[in-house]
Amino acid sequence: MPAFKIPSHYFNGFLTVIFGGSTGIEVSTVVATAAIGSVAQTKTATANVYKTELICAGITAGISTLFGSPIAGFLFALEVIAKKRISKTVIFSSIISLVVSWLMLFVTGETRLFNFSVTNWRGHALPFFVLLSILAGLLAVYFTHAVIYIKSFFSGISNNFVRVNTGAILVGLCILLLPQLYGDSYQAIPGLMSRIEHQPFSIGFSFVLLAIIILKPLAASLTLGAGGDGGVFAPSIIAGAVLGMTVALLLNHYFNAHVIVLNFAMVGAAAMLSAVIHAPLTAVFLTCGLVSGGFVLFVPVLAGCFIAKYAARFLCSYTVYSYSGKH
């Protein structure tokens, strides 16, 4: 990766989000920190031998400090970046980066992304968690296909002015319809949770939640297709969390299930992220670190991440099989 990608992705990601691009800065950070490692390995012959190690170390640091979860950064580097190239040196370099990131978070006193607290979960909710995880896998497939198809569509527009402004208008219309889609949408979660907890059930609000679930992946795909700098972390977390809220809301109203809405939001976010980035362990530790007491949900979140991942894989393989004309 060339050195210019270090500042360019930071600034482009920042500008994309603050001007309403419906994505997050996570992937911009990943690419920028990976570029730091890539540039470092070109400086000396010794460093050039350890290209993967340096890139993984940079990415570990980026994800760790961004989400306040060094373990998530470490696992992301191994699960997504290194994959089959995992070695002792890759692990060792990533651990060093993990420790440095943890020390930085300790010194700066980094706060959690959401000001919620998980206290417990109930065993009778397990079947509902399974249902939610399968739905998250389905939503992940929709998101993945939307990104692929919309990027393909926009790549066919040769005029940069037309491409960027077409995407900007479409994303702007989505935000006009649903202000919760603005930027990374993290700011929308507290308001939605508060409304679920303190206001009576309404069909209209249920449709708002459903619209966010459908349009957040679409708006993110339009942002990326038009040339916005960002990725799938924030849209996956938001869409999955709102999916979990919706499932819990409907279960409590129509089936008197007495499930905890926050727990379903957490499992939905983790399951969706796992299915999109194909990294269940990263999704587990990243999501559990978003709120206070998140690791109370470790078991259902872990199960949800693997169920969603394999549900999405099955659905993708089925779709390819059907399109091939063999079904």
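Residues numbered from 1 in each chain as written. Predicted model: local features only at pLDDT ≥ 70, side-chain atom pairs only at ≥ 80, totals over all residues. Heavy atoms only, no water.

### Details of the overall build of the protein chain
Part 1 of the argument: Per the secondary structure count, the protein chain includes 14 helices and zero strands.
Part 2 of the argument: For the protein chain, the N- to C-terminal ordering of α and β elements is α-α-α-α-α-α-α-α-α-α-α-α-α-α.
Part 3 of the argument: Here the protein chain, with 327 residues, has 50% of them falling under the buried criterion.
Part 4 of the argument: A sequence separation of at least 24 residues applies to 76% of the contacts in the protein chain between residues at least 6 apart.
Part 5 of the argument: About 15400 Å² of surface is accessible on the protein chain, with carbon and sulfur atoms providing 71% of the total. (Helix = DSSP H or I, 4+ residues; strand = E, 2+ residues; numbered from the N terminus. Buried < 20%, exposed > 50% of the residue type's maximum accessible area, 1.4 Å probe, protein only. Contact = heavy atoms within 4.5 Å. Areas by Shrake-Rupley, 256 points an atom, 1.4 Å probe, with all protein chains shown as cover.)

### Looking at a nonpolar patch on the surface
Part 1 of the argument: Taken together, the side chains of Tyr 142, Ile 203, Phe 207, Leu 210, Ile 214, Leu 250, Tyr 254 and Phe 255 present a nonpolar region at the surface, about 800 Å² in accessible area.
Part 2 of the argument: With four residues, helix 10 (residues 203–225) is the single largest residue contributor to the nonpolar patch.
Part 3 of the argument: Mapped onto the secondary structure, Ile 203 falls in helix 10. (Patch = residues over 30% accessible without salt bridge, like charges linked within 9 Å, V, L, I, M, F, W, Y side chains within 5 Å. Salt bridge = Lys/Arg side-chain N within 4 Å of Asp/Glu carboxyl O.)

### What about the confidence of the model for the protein chain?
Part 1 of the argument: Taken residue by residue, the protein chain gives an average pLDDT of 88. The fraction at 70 or more is 87%.
Part 2 of the argument: Of the regions scoring below 50 in pLDDT, residues 320–327 engages in five contacts with residues more than four places distant in sequence or in other chains. (pLDDT = per-residue confidence, 0-100.)

### Structural notes on the side chain of Thr 23
Part 1 of the argument: Following the sequence through the fold, Thr 23 ends up in the loop between helix 1 (5–18) and helix 2 (26–41).
Part 2 of the argument: The buried category is assigned to Thr 23, whose relative accessible area is 0%.
Part 3 of the argument: A polar side-chain atom of Thr 23 sits 2.6 Å from the main-chain carbonyl oxygen of Gly 231.
Part 4 of the argument: If near-sequence neighbours (up to four positions away) are discounted, Thr 23 is found in contact with Thr 16, Val 17, Gly 183, Asp 184, Lys 216, Thr 223, Leu 224, Asp 229, Gly 230, Gly 231, Ala 234 and Pro 235. (Polar contact = N/O pair within 3.5 Å; in protein donor to acceptor, adjacent residues only side chain to side chain.)

### Thoughts on unusual backbone geometry
Part 1 of the argument: You will see that Asn 256, though not glycine, has its phi angle at about 50 degrees, which is positive.
Part 2 of the argument: As for its position among the elements, Asn 256 is in the loop between helix 11 (233–254) and helix 12 (261–277).
Part 3 of the argument: On the accessibility criterion, Asn 256 (52% relative accessible area) is exposed.
Part 4 of the argument: Phi at His 278 takes a positive value of approximately 55 degrees, unusual for a residue other than glycine.
Part 5 of the argument: Inspection of the secondary structure puts His 278 in the loop between helix 12 and helix 13 (280–288).

### Quick word on helix 8 (residues 160–177)
Part 1 of the argument: Over its 18 residues, helix 8 runs 26 Å from end to end, which matches the ideal 26 Å to within 8%, given 1.5 Å per residue.
Part 2 of the argument: Every buried residue of helix 8 is accounted for by Arg 163, Gly 167, Val 171, Cys 174 and Ile 175. When helix 8 is viewed along its axis, its buried side chains cluster within an angular range of 95 degrees and face the same direction. Exposed and oriented more than 90 degrees from the buried face of helix 8 are Phe 161, Ile 169, Leu 173, Leu 176 and Leu 177.
Part 3 of the argument: Buried residues belonging to helix 8 abut helix 7 (126–155) and helix 10.
Part 4 of the argument: By the N-cap criterion, in which a side-chain oxygen at the helix start approaches the backbone nitrogen of a residue two or three places on, helix 8 is capped by Asn 159, the distance to Phe 161 being 2.9 Å. (Expected span 1.5 Å × (residues − 1). Arc of directions from axis to C-beta.)

### Focus on the packing of aromatic side chains
How two aromatic rings sit relative to each other is given by the distance of their centres and the angle of their planes.
Part 1 of the argument: The full count for this structure, using the stated rule, is eleven aromatic pairs.
Part 2 of the argument: Summarising the aromatic geometry, the rings of Phe 201 and Tyr 254 are spaced 5.6 Å apart at their centres and angled 80 degrees between planes, so their arrangement reads as edge-to-face. Of this pair, Phe 201 sits in the loop between helix 9 (188–198) and helix 10 while Tyr 254 sits in helix 11, and the two are 53 residues apart along the sequence.
Part 3 of the argument: Judged by centre distance (5.8 Å) and plane angle (55 degrees), the ring pair of Phe 285 and Phe 295 falls under tilted. (Phe/Tyr/Trp six-rings, centres within 6.5 Å; stacked < 30°, edge-to-face > 60°.)

### Considerations on the layout of surface pockets
In this approach a probe as big as a water molecule rolls over the atoms, and the regions it shows empty are the leftover space.
Part 1 of the argument: In this structure, the second largest pocket occupies an estimated 310 Å³ of space.
Part 2 of the argument: Thr 16, Gly 21, Val 164, Thr 223 and Gly 228 are the residues nearest the centre of the second largest pocket, which is lined by 15 residues in total.
Part 3 of the argument: Elements with a contribution of two residues or more to the lining of the second largest pocket: helix 1 and helix 8.
Part 4 of the argument: With four residues, the single largest contributor to the lining of the second largest pocket is helix 8.
Part 5 of the argument: When the residues that make up the lining of the second largest pocket are grouped by side-chain class, the tally is six nonpolar, eight polar and one charged. (1 Å grid on protein atoms, 1.4 Å probe; cavity = no way out; pocket = protein on both sides within 12 Å on 5 of 7 lines; lining within 4 Å. Points joined across faces, edges and corners; volume = space filled by probe spheres on them. Nonpolar A, V, L, I, M, F, W, Y, C, P; charged D, E, K, R; others polar.)

### Points about the environment of Val 208
Part 1 of the argument: Mapped onto the secondary structure, Val 208 falls in helix 10.
Part 2 of the argument: On a C-alpha basis, the gap between Val 208 and Leu 178 in space is 8.1 Å, while along the polypeptide they are 30 residues apart.
Part 3 of the argument: Ignoring sequence-local partners within four residues, the contact set of Val 208 consists of Leu 178 and Gln 180.

### Quick look at empty space enclosed by the protein
Part 1 of the argument: Enumeration over the complete set of coordinates arrives at three cavities of 30 Å³ or more.
Part 2 of the argument: Estimates place the volume of the largest cavity at around 110 Å³.
Part 3 of the argument: If you trace the largest cavity, you find 14 residues lining it, with Phe 114, Ile 189, Ala 241, Ala 265 and Met 266 closest to the centre.
Part 4 of the argument: Residue assignment for the lining of the largest cavity shows that the elements contributing at least two residues are helix 9, helix 11 and helix 12.
Part 5 of the argument: Sort the elements by how many residues they give to the lining of the largest cavity and helix 12 lands first, with four residues.
Part 6 of the argument: Within the lining of the largest cavity, the residues separate by chemical class into 13 nonpolar, one polar and no charged.

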